[in-house]
Amino acid sequence: MNRISSALVASLLLAGSAQAQQWGDRRERAQDRHEVRTDKRELRDDRRDVAELQDVLGRFDQAWSRQDEREMTAVEARLRELLRKELAESRAELEKDKREVRRSDREVRRDRNWGRGAADDRRDRRDDVRDARVEAASLQTRMAIARELHWVMGNRNYADLQRERNLIVQLIQIAQQEVQQTKQELREDRRERREDRRESRQRW
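Residues numbered from 1 in each chain as written. Predicted model: local features only at pLDDT ≥ 70, side-chain atom pairs only at ≥ 80, totals over all residues. Heavy atoms only, no water.

1. Topic: the overall build of the chain
On a plain count of helices and strands, the chain comes out with four helices and zero strands. Reading the secondary structure of the chain in the N-to-C direction produces α-α-α-α. Taken across its 204 residues, the chain has 37% of its residues classed as buried. Across the chain, every contact between residues at least 6 apart in sequence was considered, and the portion connecting residues at least 24 apart equals 80%. (Helix = DSSP H or I, 4+ residues; strand = E, 2+ residues; numbered from the N terminus. Buried < 20%, exposed > 50% of the residue type's maximum accessible area, 1.4 Å probe, protein only. Contact = heavy atoms within 4.5 Å.)

2. Describing the packing of aromatic side chains
Tallied over the full model, the rule gives two aromatic pairs. Pairing Phe60 with Trp64 gives two aromatic rings, centres 5.9 Å apart and planes at 70 degrees, and the pair type is edge-to-face. Placement of both Phe60 and Trp64 in helix H1 (residues 3-66) is noted, with a separation of four residues, approximately one turn of the helix. For Phe60, a relative accessible area of 0% gives the class buried. (Phe/Tyr/Trp six-rings, centres within 6.5 Å; stacked < 30°, edge-to-face > 60°.)

3. What about empty space enclosed by the protein?
Scanning the model with the defined rule gives one cavity of 30 Å³ or more in all. Size it by volume and the largest cavity reaches roughly 80 Å³. Lining of the largest cavity is provided by Asp39, Lys96, Glu100, Asp124, Asp127, Asp128, Asp131, Glu185, Glu188, Asp189, Arg191 and Glu192. Going through the elements one at a time, helix H2 (69-113), helix H3 (119-152) and helix H4 (158-203) are the ones with two or more residues in the lining of the largest cavity. Considering each element in turn, the lining of the largest cavity owes the most residues, five residues, to H4. The class makeup of the residues in the lining of the largest cavity is no nonpolar, no polar and 12 charged. (1 Å grid on protein atoms, 1.4 Å probe; cavity = no way out; pocket = protein on both sides within 12 Å on 5 of 7 lines; lining within 4 Å. Points joined across faces, edges and corners; volume = space filled by probe spheres on them. Nonpolar A, V, L, I, M, F, W, Y, C, P; charged D, E, K, R; others polar.)

4. Description of the side chain of Asp189
Assignment of secondary structure puts Asp189 in helix H4. Buried charge Asp189 goes without a salt bridge, the closest partner of opposite sign being Arg103 at 5.9 Å. (Lys, Arg positive; Asp, Glu negative; His and termini not counted. Salt bridge = Lys/Arg side-chain N within 4 Å of Asp/Glu carboxyl O.)

5. A few points about unusual backbone geometry
Excluding glycine, a negative phi dihedral is what most residues carry, and trans is how most peptide bonds are arranged. Of note, Gln67 is a non-glycine position whose phi angle comes to about 50 degrees, a positive value. The class for Gln67 is exposed, based on a relative accessible area of 73%.

6. Thoughts on the layout of surface pockets
Taken as a whole, the second largest pocket spans an internal volume of roughly 300 Å³. Contributing to the lining of the second largest pocket are 17 residues, with Glu42, Asp45, Asp46, Glu89 and Glu93 lying nearest its centre. Looking at the lining of the second largest pocket, the elements that each hand over two or more residues are H1, H2, H3 and H4. Looking at the lining of the second largest pocket, the element that brings in the most residues is H2, giving six residues. The residue makeup of the lining of the second largest pocket, split by class, is one nonpolar, three polar and 13 charged.

7. Examining the environment of Val152
Assignment of secondary structure puts Val152 in helix H3. What makes Val152 buried here is its relative accessible area of 7%. Between the C-alpha atoms of Val152 and Gln162, which are 10 residues apart in sequence, the distance is 9.6 Å.

8. Quick look at H3
The end-to-end C-alpha distance of H3 is 50 Å, a good match for the 50 Å that 34 residues give at a rise of 1.5 Å each. Looking at the residues trailing H3, positive phi occurs at Gly154, about 95 degrees. (Expected span 1.5 Å × (residues − 1).)

Right under this line is the structure:
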């Protein structure tokens, strides 16, 4: 192969590699934007969950103080509905967190294969693993609360009513913790988006 052909092949390979890198950068930036939008939507949902549970607690206290059986029955039906919804959301969030861990694993492996240090990707993976563990723990706690509520709902003695109230308060606390966790995820995803932009500019 003469020098001109060699130079042509080299330039074509370089151009192809650059195009592949640009496509990868665009895909990564699109993923970053999607995650930030998802975090914002989840934050709104988490805040709504807190407000709905706080409303249930207020209605529960009023029904108890008035010994209003009809209202207490309605409150318990609403609590069951919210709990079913929260369990479904928690399972969906855990699956999403697991997908993010798998994506982070791929990014860390890619960096290792290309001989890059990629401390940012390793830190992102640690964050994703932590989020998945927290969500798994929240799901387990909600499931335990649901089982206990099943046994006390409908009982009107003081001990069971007090236990039911305490379980509602626990659900509110979990929901409030999730608001804080989603805020943290939003900060992390925004940071990751800035890092990806900076890395893309440095390459070009």
